[in-house]
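So you can see what is in the structure, the chains are spelled out below.
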Amino acid sequence: MESAAHITELTAGQEAVVRGVAREWAAVDRATGPGDRHAAEEGVRAAYRACGLPPPRFMIWLGSPWAGLIGQALLPGVIASVVGGPTARVRTRFRRRMRRELAPPRGWLLRPDVLDTARAQVSDAVDQRVDRLLRGPRPTPRDWRFAIRSHVQDQVTAQHLGVLDPGLDSEGYIGSARYDFDVVPTTHAELLTQVAAQAGVPVPVAKKARLPVLWSRGRPLTSFGVEALAWADAMERLGVTGVDELHGEQQVARHAGYWWAFRDYAVLTPRPDLLRTDTEGRLHCADGPAAIWPDGWAVHSWHGRRVPASLIAGRWDTDRILTEPNVEVRRCAIERTGWPEFIAAAGLEQVGRREPDPGNPGQWLSLYDLPHERGRVRVLLCTNASVERDGTRRQYGLTVAADTPDATTAAARLLGLTREQYLTMSRAT
C-alpha cells in the first residue's frame, strides 16, 4: 500500500534549504585536485554495507577514468597472479540480486525501492519543485561526468574495434577521443604494485598484460552525474527518511571521481586536476585541455563539444577543416577560426545577396556554397537571437539543401516555414 504524502508543499525556509543543497553539490561537481582518499574508501565500504554486502577485499586507485576502465578489467588476473594459491579466486560476478544493487542501469548504488520509498513521502509537486531548485537556471545538466562518460566510451570503441593504430592514425582519435597506446602496460604495472602492497606480498615479475575478451563491459558508477545524490541529500534534509543508505556513495562523490564496484574489489579514480568551462558551464578551453587528470589523460572541448587535441593546440588550415568528417568538430574548428576569416580563407562563393534577418532584427543572413559539398548542401551564416552571458552573439553556419535559392528562404526552411511566412516574423523564438 502506498504511503500518504507527508510533505505536500515547501515553505520559504525549506526552499532555502534546498537551494543551499544545490550550492553544496554544485561545488562538489566543480571540485578539482586530490580529495580525501581515506574518506572516499570509507564511503565505498559504507555503500557496500548499505547493500548488505561485505566491503571489497582490494581497493585500487588509478589516475584517470580511462586508466580505471582498463584497470577494472585487468584486476582479476592481477590479483590471481599476485596472491596465488587457493585464495586467488576473485569473484567479479554477482548473484542476480547483487547485480541489481552493484551494477544497476542508472550507474549508482541506490536501489529503486529506496527511491520509491522516499518519493512516497512527498507529493509530486514537491518532488518536481525540489528538482527545479536543484537544477537552478540550468535547463540541462552540465556535470563533467556526462562528457567524460562519452569520451571513455569513444575510446572503448576505438580500441575494441581495433580502428586505431599508432603507425597509421596521426590524429589518434575517434569521435574526438584520444587514445593512449601505453595505458595497458602502465596500468598493469600500477595494479601489481598496489595489489601486492595490500596483500602484503612481494611484487611479482610482470608478464605481458592482456585484456580479457569482455574488458569493455565494466561500467563506472557516478558516470551519470551527481543529480541523484543531491536529490537524496535535499530530501533527507526536508525530513524524508530511508535515503541514508546513500551516505556512502555521497561521501565517495565528495572526494573522488569515477569508480567501479565488483564483488571482491573496487577501482577508484581521483577528481580532475583541472576543469575549465564556459559561461554556460560546458567543458571548454580555447588554449589547452578542458579537463586533465593526474596521469595526464585529458579531454579537449570547445563549448561542450569534444574535439581533437590538435585543433586546440594549433590552428587547422582551411583544407583540414573542410575535410574533417565529423560535422560537429568541423563546426567547432570554423568557430575557433571565426566565420568571416574562414569564409575569406576558404574562398566560399556567396549565393545571392546578404539579407536582413526578419526573425532577428539587426542581424544579417548570408548563404554560401561549400567547395567540398558543392551540389549537395549550402551553408547559411546566421547570428544567434540570444545574447551570450559575455555580451556577444555567436554566429552559426547551418547546412541547407543545395537547391535553396537565397538566405531568407534558407532561414525559413530551417523553421519549417515558407519565405513569405518568415518575412512576417518580428523575432525568432
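Summarised in this report is the structure supplied together with it. Treat the numbers as computed from the prediction; the structure is a model and nothing was measured.

**Here's the deal with the sheet that holds strand 1 (residues 58-61)**
Consideration 1: Taking strand neighbours across the sheet as the criterion, the 3 strands line up as 1-5-4 in an open arrangement whose pairing is mixed. The open sheet has two edge strands with one neighbour each: strand 1 and strand 4 (259-261). Taking each pair of neighbouring strands and ignoring which way they run, the sheet shows an average axis angle of 15 degrees.
Consideration 2: Note that strand 4 and strand 5 (residues 265-268) share 3 bridges and pair antiparallel. Pairing of Ala261 across the sheet is with Ala266, part of strand 5.
Consideration 3: Docked against the sheet, helix 2 (residues 37-50) engages strand 1, strand 4 and strand 5, running at close to 135 degrees with respect to strand 1.

**What to know about the nonpolar core**
Taken as a class, soluble globular proteins show a tendency for nonpolar side chains to be buried jointly.
Consideration 1: Ranked by size, the top nonpolar core spans 33 residues in total, and within it Trp66, Leu75, Ile148, Leu191, Val195, Tyr265 and Trp297 carry the most contacts.
Consideration 2: Elements with a contribution of two residues or more to this core: strand 1, helix 3 (65-83), helix 7 (144-160), helix 8 (183-199) and strand 5.
Consideration 3: Per element, the largest residue contribution to this core is 9 residues, and it comes from helix 3.
Consideration 4: Ranked by size, the runner-up nonpolar core spans 26 residues in total, among them Ile7, Val28, Leu133 and Met235.

**Here we look at the environment of Ala333**
Consideration 1: Of note, Ala333 is situated in helix 13 (residues 327-337).
Consideration 2: Classification of Ala333 as buried rests on a relative accessible area of 1%.
Consideration 3: Distance in space between the C-alpha atoms of Ala333 and Val307 is 8.7 Å, their sequence separation being 26 residues.
Consideration 4: Excluding residues that lie within four positions of it along the chain, Ala333 makes contacts with Leu311, Trp316 and Ile321.

**Quick look at the environment of Ala22**
Consideration 1: Examined against the element boundaries, Ala22 turns out to sit in helix 1 (residues 12-30).
Consideration 2: Residue Ala22 is classed as buried on the basis of its relative accessible area of 17%.
Consideration 3: Separated by 109 residues in sequence, Ala22 and Asp131 place their C-alpha atoms 9.7 Å apart.
Consideration 4: Once you skip the residues sitting within four places of it in the chain, Ala22 turns out to touch Leu133 and Leu134.

**A few points about helix 2**
Consideration 1: Here helix 2 spans 20 Å end to end across 14 residues, near enough to the 20 Å set by a 1.5 Å rise per residue.
Consideration 2: Every buried residue of helix 2 is accounted for by Ala39, Ala40, Glu41, Gly43, Val44, Ala47 and Tyr48.
Consideration 3: Residue Asp36 occupies the N-cap position of helix 2, its side-chain oxygen lying 3.1 Å from the main-chain nitrogen of His38.
Consideration 4: Two residues or fewer after helix 2 comes Gly52, characterised by a positive phi angle close to 75 degrees.

**Some thoughts on the side chain of Glu355**
Consideration 1: With respect to the secondary-structure elements, Glu355 resides in strand 11 (residues 349-356).
Consideration 2: Polar contacts involving the side chain of Glu355 include one to the side chain of Thr408, which spans 2.5 Å.

**Quick look at the sheet that holds strand 8 (residues 298-299)**
Consideration 1: Read from one edge of the open sheet, 3 strands run 6-7-8, paired in antiparallel fashion. Of all the strands in the sheet, the pair left with one neighbour each is strand 6 (274-275) and strand 8.

**Quick look at the pattern of salt bridges**
Consideration 1: On inspection of all chains with the given rule, the structure shows 17 salt bridges.
Consideration 2: The closest approach of N and O atoms between Glu335 and Arg331, which form a salt bridge, is 2.8 Å. Taken together, the residues span about one helical turn, with Glu335 and Arg331 both in helix 13 at a distance of 4 residues.
Consideration 3: Under the relative-accessibility criterion, Glu335 is labelled buried at 15%.
Consideration 4: One salt bridge connects Arg419 with Glu355, and the closest N-O pair in it is separated by 3.9 Å. With Arg419 in helix 16 (residues 419-423) and Glu355 in strand 11, this residue pair connects regions lying 64 residues apart in the sequence.
Consideration 5: Look at Arg419 and you get partly exposed, because its relative accessible area is 25%.
Consideration 6: Several salt bridges share partner residues, and in doing so they unite Glu24, Asp233, Arg237 and Arg254 into one network.

What counts, and at which threshold
Residues numbered from 1 in each chain as written. Predicted model: local features only at pLDDT ≥ 70, side-chain atom pairs only at ≥ 80, totals over all residues. Heavy atoms only, no water. Pairing = 2+ DSSP bridges. Helix = DSSP H or I, 4+ residues; strand = E, 2+ residues; numbered from the N terminus. Axes fitted to C-alpha atoms, helices over the stretch in contact; angles between N-to-C directions. Contact = heavy atoms within 4.5 Å. Core = buried A, V, L, I, M, F, W, Y, C linked by side-chain atoms within 4.5 Å. Buried < 20%, exposed > 50% of the residue type's maximum accessible area, 1.4 Å probe, protein only. Expected span 1.5 Å × (residues − 1). Polar contact = N/O pair within 3.5 Å; in protein donor to acceptor, adjacent residues only side chain to side chain. Salt bridge = Lys/Arg side-chain N within 4 Å of Asp/Glu carboxyl O.

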